[in-house]
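Residue-level listing of the chains:
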Amino acid sequence: MRGRFTGWPEQAMDVLWQLQGEPTHATRERYRADRERLVRQPMIALLNEIADTDPRYEDFSVWHYRTDSWWWQHQGAVIRLGRKIEISLRFALDGLRIQGAWWYPDPGQVDMFRKAVASEGSGRELSAIVEDVRKKGYDISGDVMKRPPRGYPTDHSRTNLLRHRSLIAARPLGCEEWLHTPEAVDRVLSAAADLDALLMWLVRHVKRAT
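Residue numbers restart at each chain and count upward from 1, following the sequence in its written direction. Since the coordinates come from a predicted model, pLDDT governs what is reported: local features require at least 70, and pairs of side-chain atoms require 80 or more to be given and counted, while whole-chain, interface and lining totals use all residues. Side-chain numbers here rest on the full set of heavy atoms in the structure, without hydrogens or water.

Peer 1: What should I look at first to understand the packing of aromatic side chains in this one?
Peer 2: Given two aromatic rings, their pairing is described by the distance between the two centres and the angle made by the two planes. Each pair of aromatic rings taken from Phe, Tyr and Trp, with Trp reduced to its six-membered ring, is defined by centres within 6.5 Å and is described as stacked if the planes are under 30 degrees apart, edge-to-face if over 60, and tilted in the remaining cases. Applying the stated criterion to the full structure yields seven aromatic pairs. Seen from their ring centres, F5 and W8 are 5.6 Å apart, and the 80° between their planes marks the pair as edge-to-face. Each residue is placed in one exposure class: buried if its accessible area under a 1.4 Å probe, protein chains only, is under 20% of its type's maximum, exposed if it is over 50%, and partly exposed if it falls in between. Given the relative accessible area of 2%, F5 is considered buried. Classification of W8 by relative accessible area gives buried; the value is 0%.

Peer 1: Would you explain the sheet that holds strand β3 (residues 85–92) in this entry?
Peer 2: What links the strands of a sheet is backbone hydrogen bonding, and the strands pair in either a parallel or an antiparallel sense. DSSP calls a pair of strands paired once it identifies at least 2 bridges connecting them. The way it works is that DSSP assigns letters per residue, a run of H or I at least four long becomes a helix, a run of E at least two long becomes a strand, and they are numbered from the N terminus. One open sheet accounts for six strands, arranged β1-β2-β3-β4-β6-β5; its pairing is antiparallel. Both outer strands of the open sheet, β1 (60–62) and β5 (139–141), are each paired with one neighbouring strand and no more. Direction aside, the axes of adjacent strands within the sheet are offset by 15° on average. Where β1 meets strand β2 (residues 75–82), three bridges bridge the pair, whose relative direction is antiparallel. Lines fitted to the C-alpha atoms define the axes, with helices restricted to the stretch that makes contact. Angles between their N-to-C directions range from 0 to 180 degrees.

Peer 1: Explain the nonpolar core to me, please; I cannot follow it from the model alone.
Peer 2: Across soluble globular proteins, you tend to see nonpolar side chains buried next to one another. Note on terminology: a nonpolar core comprises buried Ala, Val, Leu, Ile, Met, Phe, Trp, Tyr and Cys residues joined through side-chain atoms within 4.5 Å. Core analysis: the biggest nonpolar cluster contains 57 residues, and M43, L46 and F91 have the highest contact counts within it. Among the elements that line this core, the one with the most residues is helix α7 (residues 183–205), at eleven residues. Whether two residues are in contact is decided by their heavy atoms: any pair within 4.5 Å suffices. Not counting chain neighbours up to four residues away, the residues in contact with L46 comprise F5, W8, L89, A184, V185 and V188.

Peer 1: Looking at this structure, how should I read the side chain of R40?
Peer 2: Considering the arrangement of structural elements, one finds R40 in helix α2 (residues 25–53). A relative accessible area of 9% means that R40 is categorised as buried. What qualifies as a polar contact is a pair of N or O atoms within 3.5 Å, subject to a donor-acceptor requirement within protein and to the restriction that residues adjacent in sequence count only when both atoms come from side chains. For R40, the side chain forms a polar contact with the main-chain oxygen of V62, separated by 3.2 Å. Excluding its chain neighbours within four sequence positions, the residues that come into contact with R40 are R35, V62, W63, H64, Y65 and Q75.

Peer 1: Honestly, the packing of helix α5 (residues 120–135) against α7 in this entry has me stumped. Any pointers?
Peer 2: Between two packed helices, what matters for the description is the angle formed by their axes and the separation of those axes. Interhelical geometry of α5 versus α7 gives an angle of 155° and a closest axis separation of 9 Å. As judged from the angle between their axes, α5 and α7 are roughly antiparallel. You can see that α5 and α7 cross each other, and the crossing is left-handed. On α7, the residues touching S122, E125, L126, I129, V130 and V133 of α5 are D194, L195, A197, L198, W201, R204 and H205. Residue classes in the contact of α5 with α7 are distributed as eight nonpolar, two polar and three charged. For this classification, under 35 degrees means roughly parallel, over 145 means roughly antiparallel, 65 to 115 means roughly perpendicular, and everything else is oblique. Handedness of each helix crossing follows the sense of rotation of the near helix against the far helix: counterclockwise by less than a right angle gives left-handed, clockwise gives right-handed. Residue classes follow a fixed rule: Ala, Val, Leu, Ile, Met, Phe, Trp, Tyr, Cys and Pro count as nonpolar, while Asp, Glu, Lys and Arg count as charged, and any other residue, Gly among them, counts as polar.

Written out as structure tokens, the structure is:
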């Protein structure tokens, strides 16, 4: 059911501007209610609409502020797709940012990732997916070893991927007028579609270790 999310009000930017730098406790308390209403609640509405559109996106969380000023200045949210595999969203003064990631792996997950990368079928598939995501404007990063892992040839054709101990694809979605309209839902869904092949590959091949 669409219609709950109407966009972030323009006043949301004013609130985040007031929280820049190192705001005092008094400043945070002064803007707490406005931040909840204008910044965090729209993110909840956005994630609810995304979950209504695709049931795979139903397991989500929208973060509270914590004590560090960074969390007051950036509204984060996460959609969990698998063990340590997720889509992250972040709203701040510079707009909305999306990230698809497998990170902070459980014991054994890195070995599963490497075996799938080394395998010709799944490895070639991931290499093509990553290149496609990169061409769509996403930065590819992660925890990357300086050398290939032990047990794999140093001249392996996918050595760059084998060195990953996490894999992240991220890009800013922008800070245009659509942020203040329901169009933001479609923008996020379009970006999630960009990341779908990568994240589903990870869901298939980097299962929770037993």
